[in-house]
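Listed here are the chains, written in short residue letters.
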Amino acid sequence: MKRPISVRGRPLERRVAPLVCVPLVGATVSAIREETRLMAVLAQAGDPAAPDLLEWRVDAFDGAGDADALSDAAIVLRKAAGDLPLLVTLRAAREGGRDHGLDDEERAARVIALVDAGVADLADFETDAAPAALRALRAACRDAGVPLVLSAHHFDRTPPVDEMVGAFVRAADLGADVAKLAVMPRSARDVDALLAATTNADRSLAIPLVSMAMGEMGVASRVIGFRYGSRITWASAGAASAPGQLPLTELRRRLREAPAR
């Protein structure tokens, strides 16, 4: 039985389509406000292309290292987002984020401040982060009722199926509410391996999973991954936050046309 998780009324469960997330990658407050406003307008208008949630890539923001600047930006963002849920991610440089000179404990403290302020509806952190940082963030998220996504990224390879299943299990063992895995495929077999690992882990774990194969080779995983147990997929509405993200309208079209498994 899966542990039920709902984000502003949007359940993370097996559906006829995954939740679609758009990253916000603006470097300034004005850029973040405009990115968010455009997505909120689509949602308020009931546009079928509208995202289901937004991911604020805090590491893309110039002021991520400044607690006061971050707090000011968060207030603007939360107001502009309206009812759209916000996933907050301050990604480590070692896993593809922009380096602000913060160690894991400092990054966790920034995310905790956003959780405590009621800005984050979900929070994302890496499974390989310092244990003390993970413990602090996990405790803050539980106190606030904010689901914690624990993620792992492989930008240079696709691990064997057993290793990928192990990555999902490790996230669950660390207290994740959602486990996420992103890999870089070199062949169609790598994409198949990711989907197989997602299915295997989804059958055995009580938490929702998110998985994707990055780059051009992995685009199919972003479209059909939900049929194998992945609950969220990413699309761009401007600059992408990871290689292989499709534009929002194109992803929505492909999801409508996705064949049954």
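Residues numbered from 1 in each chain as written. Predicted model: local features only at pLDDT ≥ 70, side-chain atom pairs only at ≥ 80, totals over all residues. Heavy atoms only, no water.

With that out of the way, let us pick up empty space enclosed by the protein. In this structure the tally under the stated criterion is 1 cavity of 30 Å³ or more. Within this model, the largest cavity holds a volume of roughly 40 Å³. Lining the largest cavity we find Ser211, Met212, Ser221, Arg222, Gly225, Phe226, Ser230, Ile232 and Thr233. Among the secondary structure elements, those contributing two or more residues to the lining of the largest cavity are strand E9 (209-213), helix H7 (219-224) and strand E10 (232-236). Tallied by class, the residues present in the lining of the largest cavity amount to 3 nonpolar, 5 polar and 1 charged. (1 Å grid on protein atoms, 1.4 Å probe; cavity = no way out; pocket = protein on both sides within 12 Å on 5 of 7 lines; lining within 4 Å. Points joined across faces, edges and corners; volume = space filled by probe spheres on them. Helix = DSSP H or I, 4+ residues; strand = E, 2+ residues; numbered from the N terminus. Nonpolar A, V, L, I, M, F, W, Y, C, P; charged D, E, K, R; others polar.)

With that settled, the discussion passes to the environment of Leu205. By secondary structure assignment, the location of Leu205 is in the loop between helix H6 (188-204) and E9. For Leu205, a relative accessible area of 14% translates into the label buried. Ignoring anything within four residues of it in the chain, the contact list for Leu205 reads Lys2, Phe168, Val169 and Ala172. (Buried < 20%, exposed > 50% of the residue type's maximum accessible area, 1.4 Å probe, protein only. Contact = heavy atoms within 4.5 Å.)

Under the definition given, this model contains 0 disulfides. Lacking any disulfide linkage, Cys141 is separated from the closest cysteine sulfur, that of Cys21, by 16 Å. (Disulfide = S-S within 2.5 Å.)

Enumeration over the complete set of coordinates arrives at 1 aromatic pair. When the centroid spacing of 6.3 Å and the interplanar angle of 55° are considered together, the rings of Trp56 and Phe61 count as tilted. Take Trp56: its relative accessible area is 0%, and that puts it in the buried class. Classification of Phe61 by relative accessible area gives buried; the value is 4%. The side chain of Lys180 reaches across the aromatic face of Trp234, ending 4.5 Å from its centre. (Phe/Tyr/Trp six-rings, centres within 6.5 Å; stacked < 30°, edge-to-face > 60°. Lys NZ or Arg CZ within 6 Å of the ring centre and 35° of its normal.)

Let us look at the sheet that holds strand E11 (residues 246-247). Sheet architecture is open: 9 strands sit in the order E9-E8-E7-E6-E5-E4-E3-E10-E11, paired in parallel fashion. What marks the edges here is a single partner per strand, and that holds for E9 and E11. Contacts between helix H1 (residues 29-44) and the sheet are confined to strand E3 (19-24) and strand E4 (53-57), with E3 contributing the most and set at about 155° to the helix. Contacting strand E6 (122-126) and strand E7 (148-154), helix H4 (residues 131-144) crosses the sheet at an angle of about 170° to E6. (Pairing = 2+ DSSP bridges. Axes fitted to C-alpha atoms, helices over the stretch in contact; angles between N-to-C directions.)

Looking now at the pattern of salt bridges. Should the charged atoms of two oppositely charged side chains come close, the side chains can pair. Taken as a whole, this structure holds 16 salt bridges when the rule is applied. For Arg8, the salt bridge goes to Asp121, with nearest N and O atoms at 3.0 Å. Placement of the pair is Arg8 in the loop between strand E1 (6-7) and strand E2 (10-11) and Asp121 in the loop between helix H3 (104-116) and E6, with a sequence separation of 113 residues. For Arg8, a relative accessible area of 38% corresponds to the partly exposed category. (Salt bridge = Lys/Arg side-chain N within 4 Å of Asp/Glu carboxyl O.)

What follows covers the pairing of E4. Most of E4 is tucked away: 5 of the 5 residues are buried. The alternating pattern of E4 places Leu53, Glu55 and Arg57 and Leu54 and Trp56 on opposite faces, both of which are buried. Where E3 and E4 come together, 4 bridges link them in parallel fashion. Within E4, the residue paired with Pro23 across the bridge is Glu55. With H1 bridging E3 and the parallel E4, this β-α-β connection has right-handed handedness. (Right-handed = clockwise from strand over helix to strand, strands pointing away.)

Okay, the packing of helix H5 (residues 161-173) against H6 next. It is at 9 Å that the axes of H5 and H6 come closest, and there the two elements cross at 45°. Taken as axis vectors, H5 and H6 run oblique relative to one another. The crossing of H5 and H6 is right-handed. The residues of H6 that touch H5, namely those facing Val161, Met164, Val165 and Phe168, are Ala193, Leu194, Ala197, Thr198, Asn200 and Ala201. The class makeup of the residues in the contact of H5 with H6 is 8 nonpolar, 2 polar and no charged. (Parallel < 35°, antiparallel > 145°, perpendicular 65-115°, else oblique. Left-handed = near helix turned anticlockwise from the far one by under 90°.)

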